Amino acid sequence: MNKLYDTKILIVEDEIIIADYIEELLLEENFKHITIANNKETALIKMTSFLPDIILMDINLKGENEGISLAKSKNNNATVVFITGQHDLVLMNEALKSNPAAYLTKPIKRLDLLATINLAIYKKQSQIFQFKDGYDIVNLNFSDIRYFVAEGNYVNIYTLTKRFTIRQSLMAVMDKLPTDRFKQTHRSYIVNKNKIERVTSNAVVINGLDIPLSRTYAKQFK
């Protein structure tokens with residue numbers, strides 16, 4: 001997601017007039033990739049076929065707060081912005097558990113909508129490790145990365161499903177990562193602390209694999 005207007009936006013709203021109004025505002029601002037779902041079933045299909053970057057999610061689909069449960073089924077790449085006409089603190093606190101990027105309250109205002117989308121994109125980009133893979137630009141969510149391993153002039157990135165290799169030093173990689181989430185365990189390893197299953201005297205365990213933990217870095221894991 002390199003350009004603001006290339007952002008794919010899914011509007012989940014059962015009030016057709018409101019959904020169309022939001023789409024119209026976005027089109028006027030030159031957003032090109034927008035689709036609408038007026039019910040839960042259609043939204044689930046769009047999440048897997050359209051693969052939105054941002055979901056503008058009405059909390060009160062059919063008046064049953066279905067938007068909250070639906071947000072938990074979103075595609076991994078998506079960031080959720082809740083839309084609500086209510087000012088219910090209990091409902092808001094429940095919605096927070098699905099980690100939304102922001103809220104919008106009805107009636108929707110153009111400036112609020114644009115500011116919220118910009119905020120959601122900024123938050124999303126701040127959670128991404130970006131690198132070149134051949135001629136392609138790859139954006140990896142921090143949450144998908146398990147660990148990094150240095151091998152000579154290269155670093156291997158191990159994700160939940162595959163491995164990437166980049167020509168960078170481990171120090172250069174570490175400079176791009178949030179230090180509250182990623183920690184070095186050894187001169188050749190960086191790990192995602194959220195993926196650690198167990199810590200021993202000389203290793204951290206991720207996905208059943210023992211990753212070396214040297215004395216120099218051990219104090220970070222106590």
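This text follows the structure it describes.
Draft legend 1. Structural detail: the nonpolar core. If you look at the biggest cluster of nonpolar residues, it comprises 23 residues, and the most contacted ones within it are Ile 11, Ile 22, Leu 26, Leu 56 and Leu 113. For this core, the secondary-structure elements that each account for two or more residues are strand S1 (8-12), helix H1 (16-28), strand S2 (33-37), strand S3 (54-58), strand S4 (79-84), strand S5 (102-105) and helix H5 (110-125). Not counting residues within four places of it along the chain, the set of residues in contact with Leu 113 comprises Ile 22, Leu 25, Leu 26, Leu 56, Leu 104 and Ile 108. If you look at the next biggest cluster of nonpolar residues, it comprises 18 residues, including Met 47, Phe 50, Leu 61 and Leu 70.

Draft legend 2. Representation of the sheet that holds strand S13 (residues 198-199). Here we have 3 strands laid out as an open sheet, ordered S13-S14-S15, and antiparallel in their pairing. A strand with exactly one partner marks an edge of an open sheet, and here the two such strands are S13 and strand S15 (209-212). Sheet topology places S13 next to strand S14 (residues 203-206); 2 bridges connect them, and they run antiparallel. From the neighbouring strand, Arg 198 faces S14, where its bridge partner is Val 205.

Draft legend 3. Representation of unusual backbone geometry. Between Lys 106 and the following residue, Pro 107, the backbone shows a cis peptide bond with an omega angle of 0°. Among the secondary structure elements, Pro 107 is positioned in the loop between S5 and H5. The backbone of Leu 51 shows a phi angle near 50°, a positive value even though the residue is not glycine. Positionally, Leu 51 belongs in the loop between helix H2 (40-49) and S3. Leu 51 sits in the partly exposed class, given a relative accessible area of 42%. Here the phi dihedral of Asn 207 falls at roughly 55°; this positive angle occurs in a residue that is not glycine. Along the polypeptide, Asn 207 turns up in the loop between S14 and S15. According to the relative accessible area criterion, Asn 207 is partly exposed, its value standing at 48%.

Calculation notes
- Residues numbered from 1 in each chain as written.
- Predicted model: local features only at pLDDT ≥ 70, side-chain atom pairs only at ≥ 80, totals over all residues.
- Heavy atoms only, no water.
- Core = buried A, V, L, I, M, F, W, Y, C linked by side-chain atoms within 4.5 Å.
- Buried < 20%, exposed > 50% of the residue type's maximum accessible area, 1.4 Å probe, protein only.
- Helix = DSSP H or I, 4+ residues; strand = E, 2+ residues; numbered from the N terminus.
- Contact = heavy atoms within 4.5 Å.
- Pairing = 2+ DSSP bridges.

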